[in-house]
Amino acid sequence: MKKLFIITGEYSGDIHASHVAEELKKIYPDVIIEGIGGDNLRNAGVKLFSDHKKMSAVGISPAIIWNHFLLGKRVVDYLKNDFKPDLVLCIDYGAFNLNVAKFLKKAGIKVFYYIPPQVWASRKWRINTIKKCIDKVLCIFPFEKPMYESYGIPTHYCGHPLVSQLAPKADKEEFFKKHGLDINKKLVSVFPGSRKFELKQLMKIFIKSAERLQKNHPDLQICISHAPNLSDDVYNKYLKHNSFKVIKGENQALLSCSDALILASGTVALEACLYRVPMIIAYRGPWILYFIYLMVRCIKKVSLPNIIADRMIVPEIIQKDVSVKNISYQIEKILFNDSYRADYIRQLGEVKELLSDKISSKEAAKVILEEFCNNS
């Protein structure tokens, strides 16, 4: 009977981990799985060593660092002395997982990494830690496999989880009717991010851009996506002086039914790409953090569709260039330049084709089972 321990640090990792656990139990029902996670892992029948709520706090503070240190020590001691797993599966959350992996390696515990740190985007030196501490990388982007293998790191390409997990496009007529939208008018949706600091940096300029667009094109409809993890109060202070419709907790339906999107950077850009909805990425942060980012980055592109395609498809408006003029110009181009729009949608389809149709969680479970079988 084999034992697996899974380590996640935030909500998205918990979701991906739960799918892997479910797939593994289908093909190997006797597996014993414990881990650090949240409700999704718990609902998949995984016994939690610790809930990761404290881990997913945003920022750096003595309390956060201390909590991570204590949890890391506890989990390493538990794995070495009590649970003694056949394999540990780290998922995302690089700073914590790579530190824990160093101690597990010294203890002779095998570690696989599913959804590894994006060393190709920044802090590429972390790949040396991965080479020393991780026995196999289970990557989700096609370009990651040759990169890791060039460093002599055993790697398996699982495919991106979104390809199989993304909900089908919503029925546009039903969605518009539900939210009182006019099916005969174009819809621009704004996704300002899911963190308070992102709203602080972006929401006002996004709102002003939407107001400019609606002033120039009175028939244009505007919707604001409300991240479900943020309170109504956080949003309301930005929306006092306009009547834009706010839709909460229906991100994927809203994405798939829109004609154009104003997005903060993030996974939402890849979701929009898979729905083949044209978008612009606009992102800015405090200048000190931006300068640090410039020093550690490895690539100049910021949106996943552009990184996967290795060319500029999605317009990226970054830092000092984030303005009402630039945002509204790019959205008008998407909406009213028919040849540009058709070519844009075609290129988004090409990005989707670059991602395999593998079911990522099944691939990960298969690789874990192979490891168990090889060490029976």
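Bear in mind that the values here come from a model prediction, so they are computed numbers and not experimental data.

Draft legend 1. Representation of the sheet that holds strand β13 (residues 316-318) within the structure. Ordered by their spatial adjacency, 6 strands build an open sheet running β10-β9-β8-β11-β12-β13, and the pairing between neighbours is parallel. Each edge of the open sheet carries a strand with a single partner, namely β10 (245-248) and β13. When the angles between neighbouring strand axes are averaged without regard to direction, this sheet yields 20°. With 3 bridges joining them, strand β12 (residues 279-283) and β13 adopt parallel strand pairing.

Draft legend 2. Quick peek at the nonpolar core. Ranked by internal contacts, the top residues of the largest apolar core, which has 129 residues, are F5, L89, Y114, L263, M279, I327 and I331. In terms of residue count, the dominant contributor to this core is helix α9 (residues 196-216) (8 residues).

Draft legend 3. Layout of the packing of helix α15 (residues 324-336) against helix α16 (residues 338-354). One way to put it is that α15 packs onto α16 with a least axis distance of 6 Å and a crossing angle of 90°. As summarised for this structure, α15 and α16 are arranged roughly perpendicular, according to the angle between their axes. Residues Q330, K333, I334 and F336 of α15 form the contact with α16, whose own contacting residues are D338, Y340, R341 and Y344. Residues belonging to the contact of α15 with α16 are distributed by class as follows: 4 nonpolar, 1 polar and 3 charged.

Draft legend 4. Quick look at the packing of aromatic side chains. For the structure on display, the rule yields 11 aromatic pairs. On the basis of an interplanar angle of 70° and a centroid distance of 6.2 Å, the ring pair of F5 and F49 is categorised as edge-to-face. Of this pair, F5 sits in strand β1 (residues 3-7) while F49 is found in strand β3 (residues 47-51), placing the two residues 44 residues apart along the sequence. Neither F5 nor F49 differs from the other in exposure class; each is buried. Seen from their ring centres, W120 and F143 are 5.1 Å apart, and the 90° between their planes marks the pair as edge-to-face. In this pair, W120 is assigned in the loop between β5 (111-114) and α5 (126-133) and F143 in the loop between β6 (136-139) and α6 (144-149), connecting sequence segments 23 residues apart. Assessed through its relative accessible area of 6%, W120 is described here as buried. Accessibility expressed as a relative area gives 24% for F143, which makes it partly exposed. Through pairs of rings, three or more aromatic residues link up here, namely F5, F49, Y78 and F83. Lying across the ring of F83, K3 places its NZ or CZ 4.9 Å from the centre. Looking at K106, its charged tip hangs above the ring of F103, at a distance of 5.5 Å from the centre.

Rules used in this analysis
Residues numbered from 1 in each chain as written. Predicted model: local features only at pLDDT ≥ 70, side-chain atom pairs only at ≥ 80, totals over all residues. Heavy atoms only, no water. Pairing = 2+ DSSP bridges. Helix = DSSP H or I, 4+ residues; strand = E, 2+ residues; numbered from the N terminus. Axes fitted to C-alpha atoms, helices over the stretch in contact; angles between N-to-C directions. Core = buried A, V, L, I, M, F, W, Y, C linked by side-chain atoms within 4.5 Å. Buried < 20%, exposed > 50% of the residue type's maximum accessible area, 1.4 Å probe, protein only. Parallel < 35°, antiparallel > 145°, perpendicular 65-115°, else oblique. Contact = heavy atoms within 4.5 Å. Nonpolar A, V, L, I, M, F, W, Y, C, P; charged D, E, K, R; others polar. Phe/Tyr/Trp six-rings, centres within 6.5 Å; stacked < 30°, edge-to-face > 60°. Lys NZ or Arg CZ within 6 Å of the ring centre and 35° of its normal.

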